[in-house]
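# Structure assessment
Each chain, letter by letter, is given below.
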There are 2 protein chains.
Amino acid sequence: MNTSKNISAESASKIRSFRRETHTTDSLTNGILKGDKTALSRAITLIESTNATHTKQANEIIERCLTHKTKSIRIGITGVPGVGKSTFIESFGKRLTTEGHKVAVLAVDPTSTVTRGSILGDKTRMEELVKDANAFIRPSPSGSSLGGVARKTRETIVLCEAAGYNIILIETVGVGQSETAVHSMVDFFLLLKLAGAGDELQGIKRGIMEMADAIVINKSDGDNIQRAKKARVEFARALHLLKTQDNGWVPKVLACSALEDTGIKDVWDTIETYVATNTKNNFFNTKRQEQNKYWLLQTIEDQLKQQFYQDKKVKAQLQESINAVVNNKTSPFAAADKLLKLHSK
Amino acid sequence: MNTSKNISAESASKIRSFRRETHTTDSLTNGILKGDKTALSRAITLIESTNATHTKQANEIIERCLTHKTKSIRIGITGVPGVGKSTFIESFGKRLTTEGHKVAVLAVDPTSTVTRGSILGDKTRMEELVKDANAFIRPSPSGSSLGGVARKTRETIVLCEAAGYNIILIETVGVGQSETAVHSMVDFFLLLKLAGAGDELQGIKRGIMEMADAIVINKSDGDNIQRAKKARVEFARALHLLKTQDNGWVPKVLACSALEDTGIKDVWDTIETYVATNTKNNFFNTKRQEQNKYWLLQTIEDQLKQQFYQDKKVKAQLQESINAVVNNKTSPFAAADKLLKLHSK
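Residues numbered from 1 in each chain as written. Chains lettered and ligands numbered in written order. Predicted model: local features only at pLDDT ≥ 70, side-chain atom pairs only at ≥ 80, totals over all residues. Heavy atoms only, no water.

## Details of the sheet that holds strand S3 (residues 135–137) of chain B
Residue and element names in this part refer to chain B.
- Overall, parallel pairing links the 7 strands, which are arranged S3-S2-S4-S1-S5-S6-S7 in an open sheet. Unpaired on one side and paired on the other, S3 and strand S7 (252–255) mark the two borders of the sheet. Neighbour to neighbour, the strand axes of the sheet diverge by 20° on average, direction disregarded.
- The sheet contact formed by strand S6 (residues 214–218) and S7 spans 4 bridges and is parallel. Following the sheet pairing, Val-216 is matched in S7 by Leu-254. (Pairing = 2+ DSSP bridges. Helix = DSSP H or I, 4+ residues; strand = E, 2+ residues; numbered from the N terminus. Axes fitted to C-alpha atoms, helices over the stretch in contact; angles between N-to-C directions.)

Shown next as structure tokens:
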């Protein structure tokens, strides 16, 4: 009998058991509610996992955290690469933690699988914030679909709020429809722009300007200050042409320099004004409720589509149907009926 | 034996048979291909019918017409009520028929069931065009869903083109998402606007300006001419801020008076330039192919959703799930999973 082997196996089992113990739903939830960053990180890892056991555990933790949410402000931040999002978040986040807020920085970047976490992946770009006890930074979850990535981030928000983070910043580079996804999970949506270089005349992706609650001209420093002033006038004029928001809010155009730390306070003042106004008229709460409903219906519709397009019978016929429709051999409606009948069989 | 009754019954049967005869798929299709307006109207009535036999017959006619399509230009026209859409179409349509074109005027108005055909219902607003041998005017199909109304109109386009109409004008008042539906079935999208009265500063529904291939300031006559000039400058400036279209087209801003018949030629010249440029770079054809594919996928997704939301088990649970999600009792994702499981059972 090989005693040492038996002992070793027992020990190993104990160690495994002990490790499992420290990751129970209870211990993770309690850790989160106490504001423990390690527990929070571990629970987010469960959300991000594709393992079914992890997903089940994650769902339990989320459900429990839902009833312990901190009153928070969720802020979406978008802008093309090079606009200085990381520097802005570093500067903006530091101001907030200095004022006593707890700040979580998340990201939605559906390309991160390919580019290995382009956003927030390089935390050195936020070297002050990353060391801050009152800040929690988490790179974008990876995933092949925007829906999946966005879902994980939205669930992470719940955990962060349960952990006491009262300001949630969600960054996106705006690939595909990622701004729309982020817009539908935040209270305030901020578009970062650069002055000069013709940037204010082009490059605004369709619909983005209309989502913005504020446009902030970043890098308004040195030679750029005059250009930033001109850009503010142009954007204000353009926003003026758009329909007023349902809540009566007129989007603001601001300028700042994250590098020189100027104008950052104005951004925060604007957000505070927005929140105060919208809390008073109850729009803040109504919008969150509508967002919850939106995510319920959106998830259903995404899943229905996924089930359809992953159906083997559909897969085998789809390309032929598309070709027939594209070449006017059959009408889109007749082809759709055919595919739907295949699916329901 | 009541001879007269028997004879009468026979006659009635013959008459019925004769009437049926004239409505066969063959006769209607042949009629359409000869440009017979009565056959065209009857076939459209089959498209609009909710009777399954009619739908089947309509589908056969559409499939046959698909291979006989005339080379056409499909133009979407939108603008708020009062902007003068009917007067514009009357004036624009007359110019086209005078130049030898055959013009079909259709509409997508999802509210027409309620308002009893607000658009084009009152054909007297187009009294010249309605008498024109080279024009065919058809009010919006009725229907409770935009999807249904839009589908019927899109199928009607195929029949009109098979009947030799080479210019298809599709009007919409822009209720809900109807502009998006019309935009996805036309080659050129035209937004009618009014100058003055603060209209250029507000009232532009989100996303509409970005769909426009041209903005036409209507009623640019009398006292309005100066205001129209100012509006042109403002709109041109605003359009300039938007991202360039994929085909490189820069949307034009024009002014016209449908009443005084000025500027109408410019609108047509612009559309001809657009078509010429886009035919050359093959964008015209590519866009139509993409639209066909869009309608295939859109129809599938609409049907999947309809099947889901009309599922009795889902119906019984949906409101409770929405309430739970809205009040943060459960996460949108957990609630969605629950409903999807009910549906697949």
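## As for the pattern of salt bridges
Residues and elements named next belong to chain B.
- As enumerated under the stated definition, the model contains 22 salt bridges over all chains in all.
- For the salt bridge of Arg-64 with Asp-26, the shortest nitrogen-to-oxygen distance reads 2.6 Å. Of this pair, Arg-64 sits in helix H4 (residues 52–66) while Asp-26 sits in helix H2 (residues 25–33), and the two are 38 residues apart along the sequence.
- For Asp-26, a relative accessible area of 43% translates into the label partly exposed.
- Here Lys-94 makes a salt bridge to Asp-132, at a shortest N to O gap of 3.1 Å. With Lys-94 in helix H5 (residues 85–98) and Asp-132 in the loop between helix H7 (127–131) and S3, this pair connects stretches of sequence that are 38 residues apart.
- Its relative accessible area of 26% is what places Lys-94 among the partly exposed residues. (Salt bridge = Lys/Arg side-chain N within 4 Å of Asp/Glu carboxyl O. Buried < 20%, exposed > 50% of the residue type's maximum accessible area, 1.4 Å probe, protein only.)

## Brief notes about unusual backbone geometry
All names here are of chain A.
- One non-glycine residue with positive phi stands out, namely Asp-261, at about 60°.
- Residue position: Asp-261 is located in the loop between strand S7 (252–255) and helix H12 (264–280).
- You can call Asp-261 partly exposed: its relative accessible area is 42%.

## Digging into the relation of the copies chain A and chain B
- Structural alignment of chain A on chain B gives an RMSD of 0.1 Å, achieved by rotating through 180° and translating 0.0 Å along the axis. Taken together, the rotation and translation describe the operation of a two-fold axis.
- Mapped onto chain B, 100% of the interface residues of chain A again fall at the interface, so both copies present the same surface. (Least-squares fit on C-alpha atoms with pLDDT ≥ 70 in both. Contact = heavy atoms within 4.5 Å.)

## A word on the sheet that holds strand S4 (residues 167–172) of chain A
Residues and elements named next belong to chain A.
- Ordered by their spatial adjacency, 7 strands build an open sheet running S3-S2-S4-S1-S5-S6-S7, and the pairing between neighbours is parallel. The sheet terminates laterally at strand S3 (135–137) and S7, the two strands that pair on one side only. Taking the axes of each pair of neighbouring strands and ignoring which way they run, one obtains an average angle of 20° across the sheet.
- Packing against the sheet, helix H5 (residues 85–98) makes contact with strand S1 (73–78), strand S2 (103–108), S3, S4, strand S5 (188–194) and strand S6 (214–218), and its axis sits at approximately 180° to S4.
- Lying over the sheet, helix H8 (residues 146–162) contacts S1, S2, S3 and S4, oriented at roughly 170° with respect to S2.

## Section: the packing of helix H14 (residues 312–326) of chain A against helix H15 (residues 332–344) of chain A
Residue and element names in this part refer to chain A.
- Packing of H14 against H15 brings their axes to within 10 Å, and their N-to-C directions diverge by 175°. What the angle tells us is that H14 and H15 run roughly antiparallel. Residue-level inspection shows Lys-313, Val-314, Gln-317, Leu-318, Ser-321 and Val-325 of H14 in contact with H15, the latter providing Pro-332, Ala-335, Lys-338, Leu-339, Leu-342 and His-343.
- Its residues placed into classes, the contact of H14 with H15 shows 7 nonpolar, 3 polar and 2 charged. (Parallel < 35°, antiparallel > 145°, perpendicular 65-115°, else oblique. Nonpolar A, V, L, I, M, F, W, Y, C, P; charged D, E, K, R; others polar.)

## Section: the packing of helix H2 (residues 25–33) of chain A against helix H4 (residues 52–66) of chain A
All names here are of chain A.
- It is the contact of H2 with H4, at a shortest axis distance of 10 Å, that shows an interaxial angle of 40°. One finds that H2 runs oblique with respect to H4. Helix-helix and strand crossings are classified by hand; for H2 and H4 the assignment is right-handed. In this structure, H2 uses Thr-25, Asp-26, Leu-28, Thr-29 and Ile-32 to contact H4, whose residues at the interface are Gln-57, Glu-60, Ile-61, Arg-64 and Cys-65.
- Classifying every residue of the contact of H2 with H4 by side-chain character gives 4 nonpolar, 3 polar and 3 charged. (Left-handed = near helix turned anticlockwise from the far one by under 90°.)

## A few points about H12 of chain A
Residues and elements named next belong to chain A.
- With 17 residues, H12 extends 25 Å between its outermost C-alpha atoms, agreeing within 8% with the 24 Å of an ideal straight helix rising 1.5 Å per residue.
- Regarding H12, the residues found buried are Ile-264, Val-267, Trp-268, Thr-270, Ile-271, Tyr-274, Val-275 and Asn-278. Relative to the axis of H12, the buried residues are bounded by an arc of 155° and lie together on one face. (Expected span 1.5 Å × (residues − 1). Arc of directions from axis to C-beta.)

## Some details on the interface of chain A and chain B
- On the side of chain B, 55 residues touch chain A, which itself brings 55 residues to the contact.
- Both faces considered, chain A and chain B share a buried interface measuring about 5500 Å² in area, 63% of it formed by carbon and sulfur atoms.
- On the surface where chain A and chain B come into contact, there are 2 salt bridges.
- Among the salt bridges present, the one from Glu-301 of chain B reaches Lys-305 of chain A, with a minimum N-O distance of 3.7 Å.
- Where chain A packs against chain B, one counts 10 residue pairs in polar contact (both at pLDDT 80 or more).
- Contributions of two or more residues to the side of chain A that touches chain B are made by H4, H8, helix H10 (208–211), helix H11 (224–241), helix H13 (283–309), H14 and H15 of chain A.
- Looking at the side of chain A that touches chain B element by element, the count peaks at 14 residues for H13 of chain A.
- Grouping the constituent residues of the side of chain A that touches chain B by class yields 25 nonpolar, 13 polar and 17 charged. (Buried area = accessible area lost by both parts, 1.4 Å probe. Polar contact = N/O pair within 3.5 Å; in protein donor to acceptor, adjacent residues only side chain to side chain.)

## Points about helix H11 (residues 224–241) of chain B
- The terminal C-alpha atoms of H11 of chain B, which comprises 18 residues, lie 26 Å apart, in line with the 26 Å expected from a rise of 1.5 Å per residue.
- Among all positions of H11 of chain B, only Asn-224, Ala-228, Ala-231, Glu-234, Phe-235, Ala-238, Leu-239 and Leu-241 of chain B are buried. Seen end-on, H11 of chain B carries its buried residues on one side only, within an arc spanning 135°. Seen from the buried face of H11 of chain B, the exposed residues on the opposite side, beyond 90 degrees, are Gln-226, Lys-229 and Lys-230 of chain B.
- Residues of H11 of chain B that are buried sit in contact with H11 of chain A together with strand S5 (188–194), helix H10 (208–211), S6 and S7 of chain B.

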